[in-house]
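So you can see what is in the structure, the chains are spelled out below.
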Amino acid sequence: METRDTEQKEITEKFINQAIAGHRAHDLNWKRIPGFNVSVLEENAVNRSCFYTLSMAVIFQGEKIVDVGDNQYQYGGGSMIVTSVEVPTSYRILNASPERPFVSASMKLDRALLAEIMGEISGKKEFSPSEDSNAFCVAKTPVQISDCFLRLLRLAEHPEDMDFVFPCIQRELHYFALTDPQCSNLRELCTGGLPSNRVSKAVEWLK
């Protein structure tokens, strides 16, 4: 556990340093990565109207409050947010400053890829049934997922490697998200008939 914690700390520091350096140099190379987003905020912010899609986000540094319907989530560095159904939200960024910016990254998830991986691991991995079918999940970030995000950020500096490396990291990220014990909402998304699956289909129809 100590080794894993040390590895997580090193990955987090590397991501924060590279993201802040890129932000201050007005470097937007991360936009080369499909579905990838990096946020560095040096002051508090409020967004009263935004929309969370099927995605995973990792908070590397800072504090955030998100309102989803009647539920409020407050989380900080070391947290990940996994959204399995598109939902309207509002959020606040707290205690951000030039000395300690808020740093996060997100990646859109591919429903077809999740279903493909779920089909491949079905029967090979066992998951505990979840009592909570909430489509918005806040959990501790596993080191494997933090590492995927760091490698995506680094890949942005090497566009010549994009076609070969990006699909590998993308698939790895989807696998670790889907198999993480905390992400039951993603597994439900791949299982027909469960509440989050039906809600997701309804949202697609409304769109």
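Provided above is the structure to which this section pertains.
So, a few notes on the structure that sits alongside this text.

Quick notes on the rules
- Residues numbered from 1 in each chain as written.
- Predicted model: local features only at pLDDT ≥ 70, side-chain atom pairs only at ≥ 80, totals over all residues.
- Heavy atoms only, no water.
- Pairing = 2+ DSSP bridges.
- Helix = DSSP H or I, 4+ residues; strand = E, 2+ residues; numbered from the N terminus.
- Axes fitted to C-alpha atoms, helices over the stretch in contact; angles between N-to-C directions.
- Disulfide = S-S within 2.5 Å.
- Phe/Tyr/Trp six-rings, centres within 6.5 Å; stacked < 30°, edge-to-face > 60°.
- Buried < 20%, exposed > 50% of the residue type's maximum accessible area, 1.4 Å probe, protein only.
- Lys NZ or Arg CZ within 6 Å of the ring centre and 35° of its normal.

1. Side note on the sheet that holds strand S7 (residues 87-94)
With antiparallel pairing, four strands are arranged side by side in an open sheet as S2-S7-S4-S5. On the outer flanks of this sheet lie strand S2 (45-52) and strand S5 (71-76), each paired with one strand and no other. Across the sheet, the mean angle separating the axes of adjacent strands is 25 degrees when strand polarity is ignored. As judged from the six bridges shared by strand S4 (residues 63-68) and S5, these two strands associate in the antiparallel manner.

2. Re the state of the cysteines
Counted by the stated rule, this structure contains zero disulfides. Not part of a disulfide, cysteine 137 finds its nearest cysteine sulfur in cysteine 183, a span of 5.2 Å.

3. Digging into the sheet that holds strand S9 (residues 136-140)
Here we have five strands laid out as an open sheet, ordered S1-S8-S3-S6-S9, and antiparallel in their pairing. Among the strands making up the open sheet, the edge pair consists of strand S1 (36-41) and S9. Pairwise comparison of adjacent strand axes, ignoring direction, gives a mean angle of 20 degrees for this sheet. The sheet contact formed by strand S3 (residues 55-61) and strand S8 (residues 102-108) spans six bridges and is antiparallel. Bridging across to S8, valine 58 finds its partner in alanine 105.

4. Focus on the packing of aromatic side chains
Aromatic ring pairs are defined here through the distance separating the ring centres and the angle between the ring planes. For the structure on display, the rule yields three aromatic pairs. Each ring, one from phenylalanine 36 and one from phenylalanine 149, has its centre 6.1 Å from the other, and the planes form 35 degrees; the classification is tilted. You can see phenylalanine 36 sitting in strand S1 and its partner phenylalanine 149 sitting in helix H3 (residues 143-155), a full 113 residues away along the chain. Neither phenylalanine 36 nor phenylalanine 149 differs from the other in exposure class; each is buried. Look at tyrosine 175 and phenylalanine 176: their rings are 5.4 Å apart centre to centre, the planes differ by 65 degrees, and that puts the pair in the edge-to-face class. Using a relative accessible area of 28% as the deciding quantity, one classes tyrosine 175 as partly exposed. In this arrangement the basic side chain of lysine 64 is found over the ring face of tyrosine 91, its NZ or CZ atom lying 4.4 Å from the centre.

Spatial relationships are all this shows, so hold off on functional conclusions.
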